[in-house]
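Here is how the chains run, residue by residue.
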Amino acid sequence: EQNGELKQKSIDFLDLHPDTDVDVLISQILAQEPLVTESRRPQLVKLIQKLLEKQEANENRNFWLFKILRAHILPLTNCAFNKSGDRFITGSYDRTCKVWDTTSGEELLSLEGHKNVVYAIAYNNPFGDKIITGSFDKTCKIWNALTGELYHTLRGHAAEIVCLSFNPQST
């Protein structure tokens, strides 16, 4: 909270491991992040300890092949899941992006309209109601994730689109 306004910011904990000194980590966060104040230290301690517990609990998970999906006619370029994990999208050299039901493997939508390889794809997590696709045709397209409706085609890039993302602090 700053000047009576609640603000949000993502903090990367990819280097968090069981040997992490929680007090040192929290001191670093407080020193680097002006939006996180000393009054939040007890909450941070609980959150980081919970993350560490989850890391240790998941240490011996077993994974197995669940399903093989073959629906694109050419190889895949990318895959991305929505925040809840119940849907995912695939991009392909066949110039399409497909939306899938994770549990059943059913193809829900086929997003068509690019004139070249669909190379970069993303959901607007945490909301998950929009998809963006980037292509070697030098355009990005924004789609409705539930209906497949094309909202916008963004033009103007001088080269192929190979990377993209939504701003996680926005809609």
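Residues numbered from 1 in each chain as written. Predicted model: local features only at pLDDT ≥ 70, side-chain atom pairs only at ≥ 80, totals over all residues. Heavy atoms only, no water.

Trainee: How should I be thinking about the packing of aromatic side chains in this particular structure?
Mentor: Each aromatic ring pair is described using two quantities: the centre-to-centre distance and the angle formed by the ring planes. Using the criterion set out here, one finds 3 aromatic pairs in the structure. Through successive ring pairs, a cluster of aromatic residues spans Phe 81, Phe 88 and Trp 100. (Phe/Tyr/Trp six-rings, centres within 6.5 Å; stacked < 30°, edge-to-face > 60°.)

Trainee: Got a minute to help me understand the sheet that holds strand 7 (residues 140-144) in this structure?
Mentor: Paired through backbone hydrogen bonds, the strands of a sheet run either parallel or antiparallel to each other. The 4 strands lie next to each other as 5-6-7-8, forming an open sheet whose pairing is antiparallel. Both outer strands of the open sheet, strand 5 (118-123) and strand 8 (150-154), are each paired with one neighbouring strand and no more. Pairs of neighbouring strands in the sheet enclose a mean axial angle of 15°, with direction left out of account. Pairing geometry for strand 5 and strand 6 (residues 130-135), over 5 bridges, is antiparallel. What sits directly across from Val 118, in strand 6, is Ser 135. (Pairing = 2+ DSSP bridges. Helix = DSSP H or I, 4+ residues; strand = E, 2+ residues; numbered from the N terminus. Axes fitted to C-alpha atoms, helices over the stretch in contact; angles between N-to-C directions.)

Trainee: So what exactly am I meant to see when it comes to helix 2 (residues 41-57) here?
Mentor: The α-helix winds at 3.6 residues per turn, so residues separated by three or four positions along the chain end up facing the same way. Here helix 2 contains 17 residues, and its C-alpha end-to-end distance of 24 Å stays within 8% of the 24 Å for a straight helix at 1.5 Å per residue. In the core, the buried residues of helix 2 are packed alongside helix 1 (22-32). (Expected span 1.5 Å × (residues − 1). Contact = heavy atoms within 4.5 Å.)

Trainee: Just to check I follow, could you spell out the nonpolar core for this structure?
Mentor: Note that soluble globular proteins tend to have their nonpolar side chains buried in a common cluster. Residues Ala 80, Ile 89, Cys 97, Val 99, Leu 109, Leu 111, Val 118, Ile 121, Tyr 123, Ile 131, Trp 143 and Ala 145 constitute the largest nonpolar core, which totals 12 residues. Within the residue set of this core, elements represented by two or more residues are strand 3 (96-101), strand 4 (107-112) and strand 5. Among the elements that take part in this core, strand 5 stands out by supplying 3 residues, more than any other. For Ala 145, the residues in contact, after removing those within four places along its chain, are Arg 87, Val 99, Leu 109, Tyr 123, Gly 128, Asp 129, Lys 130 and Ile 131. Of all hydrophobic cores here, the second largest spans 11 residues; its members include Val 22, Leu 30, Val 45 and Ile 48. (Core = buried A, V, L, I, M, F, W, Y, C linked by side-chain atoms within 4.5 Å. Buried < 20%, exposed > 50% of the residue type's maximum accessible area, 1.4 Å probe, protein only.)

Trainee: Where do I start with the sheet that holds strand 4 in this structure?
Mentor: An order of 1-2-3-4 is seen for the 4 strands of this open sheet, with the pairing classed as antiparallel. Looking at strand neighbours, the two that pair on one side only are strand 1 (76-81) and strand 4, the edges of this open sheet. Ignoring which end each strand starts from, the neighbouring axes of this sheet average 20° apart. Bridge count for strand 2 (residues 87-92) against strand 3 is 5 bridges, and the pairing is antiparallel. By the bridge assignment, Thr 90 is partnered in strand 3 with Lys 98.

Trainee: It is not clear to me how helix 1 should be interpreted in this structure. Could you clarify?
Mentor: Inspection of helix 1 places Val 22, Leu 25, Ile 26, Ile 29 and Leu 30 among the buried residues, and these make up the whole buried set. For helix 1, the arc enclosing every buried residue in end-on projection is 135°, short of the 170-degree limit, so these residues lie on one face. Exposed and oriented more than 90 degrees from the buried face of helix 1 are Ala 31 and Gln 32. Tucked into the core, helix 1 has its buried residues touching helix 2. For helix 1, the N-terminal capping position is held by Asp 21, with its side-chain oxygen 3.1 Å away from the main-chain nitrogen of Asp 23. (Arc of directions from axis to C-beta. Polar contact = N/O pair within 3.5 Å; in protein donor to acceptor, adjacent residues only side chain to side chain.)

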